[in-house]
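What the coordinates show
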2 protein chains.
Amino acid sequence: MHAFDVLGDPVRRRLLELLTDGELSSGELTTVVREEFGISQPAVSQHLRVLRDSGMTAVRAEGTRRMYSVNADALRPVDDWLGPFRRFWAPRFAALETEIARGGRQRRMEGEHDG
Amino acid sequence: MHAFDVLGDPVRRRLLELLTDGELSSGELTTVVREEFGISQPAVSQHLRVLRDSGMTAVRAEGTRRMYSVNADALRPVDDWLGPFRRFWAPRFAALETEIARGGRQRRMEGEHDG
DNA sequence: GGATCATATCAGCGACCACTTATATAAGCG
DNA sequence: CGCTTATATAAGTGGTCGCTGATATGATCC
């Protein structure tokens, strides 16, 4: 499933939003989202599965709980796709922004693997 | 239709990509996309409709041709949604990027009613 | 004014996705 | 061990979206 399809669903977007503040268990995510969207526990679980499969979340077992965290790397392609459109928003700063983004990315990559 | 749903379709993403270089007619867009995706003219036209309806493109009539251009403002919400996740990519530069983005936006707005 | 080109709309259909209910897995606890 | 809690999976279903083929709209050209 393409990253944009994953983000196409409002429940999944909300789940990712909730995770920006840090780890949350499946149960905690479910409680919030169930209330906000009026859907069942399995429905939420299935959304979490999509997020896992697409690499947008990482999961850690803690006893019987599953602690979810966001893996923002999987959102990169989305951000990258938007790149060419940024010049329409703030033409004068586009180049500088790109420069900075690229610099940040290179730094991370240097630490991870060859680039 | 939510912006993310609009971008969820690969044909529509491609159409927007093609428009980053400037105006193109419906026919030109159709030719490219038909070949790349193997879909019919009505299919492309329907995608263009979605892009119009969502405000992501503007259209200008030139004789019998419809000249499409990108209206990147409609992509803003998508970019904004990604905001909170940027800190995961390049934590050190996030603040600066935000600063620049904000500055750019303000400058544009000032420029529109002032100088 | 009729033929033709460019584009959009209509009607109908198939595929896929998100949902539900029911159930499985598996850890914790007495 | 059984009971409960936490979470995931399975099976089935309805709605929606994107597609096609046919057709409408409307400008252009002779």
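Residues numbered from 1 in each chain as written. Chains lettered and ligands numbered in written order. Predicted model: local features only at pLDDT ≥ 70, side-chain atom pairs only at ≥ 80, totals over all residues.

Notes on the overall build of chain A
This is how the line gets drawn: Labels follow the DSSP assignment, with helices taken as runs of H or I lasting at least four residues and strands as runs of E lasting at least two, numbered in each case from the N terminus. Three exposure classes are used, based on other C-beta atoms lying within 10 Å of a residue's own C-beta, which is placed from the backbone: buried for 20 or more, exposed for 12 or fewer, and partly exposed in between.
Along its length, chain A carries six helices and three strands. Its helices and strands in sequence order give chain A the pattern α-α-β-α-α-β-β-α-α, from N to C terminus. For chain A, the residues scored as buried account for 24% of the 115 residues in total.

Describing the protein's contact with DNA strand D
Selection rule: In this text, near has one meaning. A residue is near a molecule or strand if its C-beta atom, placed using the backbone, is within 6 Å of it. Residue type decides the class: Asp, Glu, Lys and Arg count as charged, Ala, Val, Leu, Ile, Met, Phe, Trp, Tyr, Cys and Pro as nonpolar, and the leftover types, Gly among them, as polar.
Around DNA strand D there are 22 residues in total, and G27(A), P42(A), S40(B), P42(B) and G63(B) lie nearest to it. For the surface near DNA strand D, the secondary structure elements donating two or more residues are α3 (26–37), α4 (41–53) and β3 (65–70) of chain A together with α4 (41–53) of chain B. A per-element tally of the surface near DNA strand D places α4(A) first, with six residues. When the residues that make up the surface near DNA strand D are grouped by side-chain class, the tally is six nonpolar, 12 polar and four charged.

Details of the domain arrangement of chain A
Applicable threshold: For the domains described, the bounds stem from an automatic or database domain assignment. Contact criterion: two residues are in contact if their C-beta atoms, reconstructed from the backbone, are within 7 Å.
By the assigned domains, chain A splits into domain 1 (3–70) and domain 2 (74–112). Of the residues lining the interface, six residues belong to domain 1 of chain A; the matching set on domain 2 of chain A comes to four residues.

A short note on the sheet that holds strand β2 (residues 57–62) of chain B
Rules: One bridge is not enough; two strands pair if DSSP finds at least two bridges between them.
Reading across the sheet, the three strands line up as β1-β3-β2 (chain B) and stay open at both edges, with antiparallel pairing between neighbours. A strand with exactly one partner marks an edge of an open sheet, and here the two such strands are β1 (24–25) and β2 of chain B.

Focus on the pairing of strand β3 (residues 65–70) of chain B
All names here are of chain B. Bridge count between β1 and β3: two bridges; the pairing is antiparallel. Residue pairing for β3: S25 is matched across the bridge by M67. In this structure, β2 lies alongside β3, joined through six bridges in antiparallel fashion. When the sheet's bridge partners are listed, R60 is paired in β3 with M67. The hairpin turn running from β2 into β3, its antiparallel successor, is two residues long, and G63 in that turn takes a positive phi close to 65°.

As for the environment of W89(B)
All names here are of chain B. As for its position among the elements, W89 is in helix α5 (residues 76–89). Using a count of 19 C-beta atoms within 10 Å as the deciding quantity, one classes W89 as partly exposed. Sequence spacing of W89 and S25 is 64 residues, and the spatial spacing of their C-alpha atoms is 38 Å.

Let's talk about the protein's contact with DNA strand C
Near DNA strand C lie 24 residues; those nearest to it are S40(A), P42(A), G63(A), G27(B) and P42(B). Among the elements that take part in the surface near DNA strand C, α4(B) stands out by supplying six residues, more than any other. Looking at side-chain class alone, the surface near DNA strand C contains seven nonpolar, 13 polar and four charged residues.

Description of the sheet that holds β3(A)
For sheets, the rule is that strands pair by backbone hydrogen bonds, running either parallel or antiparallel. If you walk across this open sheet you meet the three strands as β1-β3-β2 (chain A), and the pairing is antiparallel. Two strands close off the open sheet at either side, each with one partner strand: β1 (24–25) and β2 (57–62) of chain A.

Digging into α4(A)
Residue and element names in this part refer to chain A. Let me state the cut-off plainly: Helix span, expected: 1.5 Å multiplied by one less than the number of residues in the helix. Throughout, the arc means that of the directions going from the helix axis to the C-beta atoms.
Compared with the 18 Å implied by 1.5 Å per residue over 13 residues, the 18 Å span of α4 between its first and last C-alpha is a close match. Of the residues making up α4, those classed as buried are V44, H47, L48 and L51. Relative to the axis of α4, the buried residues are bounded by an arc of 100° and lie together on one face. Counted as exposed and oriented over 90 degrees from the buried face of α4: P42, R49 and D53.

What to know about the confidence of the model for chain A
Note that predicted coordinates carrying low pLDDT should not be read in detail. Residue and element names in this part refer to chain A. The line we're drawing: For every residue, the predictor reports its confidence as pLDDT, a number between 0 and 100.
Of all residues in chain A, 78% have pLDDT values of 70 or greater, and the mean over the chain is 85. Mean pLDDT across the elements of chain A ranges from a minimum in helix α6 (residues 91–112), with 49, to a maximum in helix α2 (residues 10–19), with 98. A low-confidence stretch, residues 103–115 stays under pLDDT 50, and its non-local contacts, those more than four residues away or across chains, total nine contacts.

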